[in-house]
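# Geometric and topological summary
The residues making up each chain are set out below.
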Amino acid sequence: DLADVFFNGKSSLRWSSNLFKDESGEVDDLLLTVSPGLELNVGRGVSNADLTLMSSYDVLRYQDRSEVDTELAHVKALGSYESGRYELSASASFDESQTASAETADRGQLYESEVVRAGVEGEYRLSPKFAFGAGLDYSDSEYTSANAAGSFSDREELSIPVDLFYELTPKLDASLGYVRRDAEVGTGAGAANAYDQLSHFYNVGLRGELLPKLDGFLKLGYRENEYTDRGMFGANFDLTYAVSNKLTSFLMLSRDFGVGGAGDSTENSSIKLRADYRINPNYTISANLGYDLRDYQNDRNREDTQYSAGVRLSYVLNESVRFGAG
């Protein structure tokens, strides 16, 4: 009575004008992806604890470049527990991926990697006005394809966020927080120069209903990178604005230290905008804009800038089937 099982499946057909992200020799191709999946939900919202297990298997087939055909596995577990004064959530996942890269001199190549992630976060209400939150996030990224050796660096990251929340109104909290993140870069066979990158984020923020139609969270503060001995303004926004009953907009913004695929220390700035317009119960149209700037700290003459834009139309046939094109 407390469990549900779903056999989820999806398929997609995608055309790319530059499959390998090669500026001087563009190659276009058509990719068919078929993804059977399985999902198990235990708890169904009627108990304090909920558990979800999900898995899928992507079968990728290219029309012209069959030599890069592959299969990719995805497994994820989500759990949560709530009581009167505290909330606890945990997650674990394993994902395989195939990507192109403009960072290497090798042309006509796609690279496979796998990422293991695990995390736990909790919040305890100290009093009617104060609450304390803490977490632990771990990730391990490894390039598995033979052609990635010498070009990319594996890495492990461990992040520990701590926050103190104060209730300004029943729907809005202020926060004072700190995040410590330790990245071990170059842990695999492809590493040229292994190093540790320790960074800190001291921040203040808000979460909840910021305005009558604006929800989400924002954090502003100062980031410090001990490896490069640099500091900078840091930010993390995730906001939703209900323009009307049919139109909803989203804003995501971040400024943080990062690590490039080849192991370089970077400063990353990103902004994403999206709007969803519900034409009727069956049709929804979405549009998005994005800007990403990656400033390489080891190479003062290099900055990577990426602009993105898109539009997508979704059609819901019934409770089980959905179509989309973009």
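Residues numbered from 1 in each chain as written. Predicted model: local features only at pLDDT ≥ 70, side-chain atom pairs only at ≥ 80, totals over all residues. Heavy atoms only, no water.

What follows concerns the confidence of the model for the protein. Across the protein, the average pLDDT comes to 94, with 98% of residues at or above 70. Of all the helices and strands in the protein, strand S1 (residues 3–6) carries the lowest mean pLDDT, 94, while strand S12 (residues 214–225) carries the highest, 98. (pLDDT = per-residue confidence, 0-100. Helix = DSSP H or I, 4+ residues; strand = E, 2+ residues; numbered from the N terminus.)

With that settled, the discussion passes to the packing of aromatic side chains. Scanning all chains against the criterion turns up 8 aromatic pairs. On the numbers, 6.1 Å between centres and 35 degrees between planes, the contact of Tyr 81 with Tyr 86 is tilted. The exposure class assigned to Tyr 81 is partly exposed, which follows from its relative accessible area of 31%. You can call Tyr 86 partly exposed: its relative accessible area is 37%. Among the aromatic residues, ring-to-ring pairing joins Tyr 111, Tyr 143 and Phe 152 into one connected group. Positioned above the aromatic ring of Phe 250 is the side chain of Arg 274, whose terminal nitrogen or guanidinium carbon lies 4.1 Å from the ring centre. Across the ring face of Tyr 296, the terminal group of Arg 302 is positioned such that the distance to the ring centre comes to 4.0 Å. (Phe/Tyr/Trp six-rings, centres within 6.5 Å; stacked < 30°, edge-to-face > 60°. Buried < 20%, exposed > 50% of the residue type's maximum accessible area, 1.4 Å probe, protein only. Lys NZ or Arg CZ within 6 Å of the ring centre and 35° of its normal.)

Here we take up the pattern of salt bridges. Counted according to the given criterion, the structure contains 14 salt bridges. A salt bridge links Asp 256 to Arg 181, with the nearest nitrogen and oxygen atoms 3.0 Å apart. Taken as a pair, Asp 256 in strand S14 (residues 247–259) and Arg 181 in strand S10 (residues 172–185) lie far apart in primary sequence, 75 residues in all. This pair shows no difference in class: Asp 256 is buried, exactly as Arg 181 is. Between Asp 292 and Lys 272 there is a salt bridge whose closest N-O contact spans 3.0 Å. Within this pair, whereas Asp 292 is found in strand S16 (residues 283–296), its partner Lys 272 is found in strand S15 (residues 265–278), the two being separated by 20 residues in sequence. When its relative accessible area of 22% is taken as the criterion, Asp 292 is described as partly exposed. You can call Lys 272 partly exposed: its relative accessible area is 28%. A cluster of three or more residues bridged by salt bridges with shared partners is formed by Glu 123, Asp 173 and Arg 207. (Salt bridge = Lys/Arg side-chain N within 4 Å of Asp/Glu carboxyl O.)

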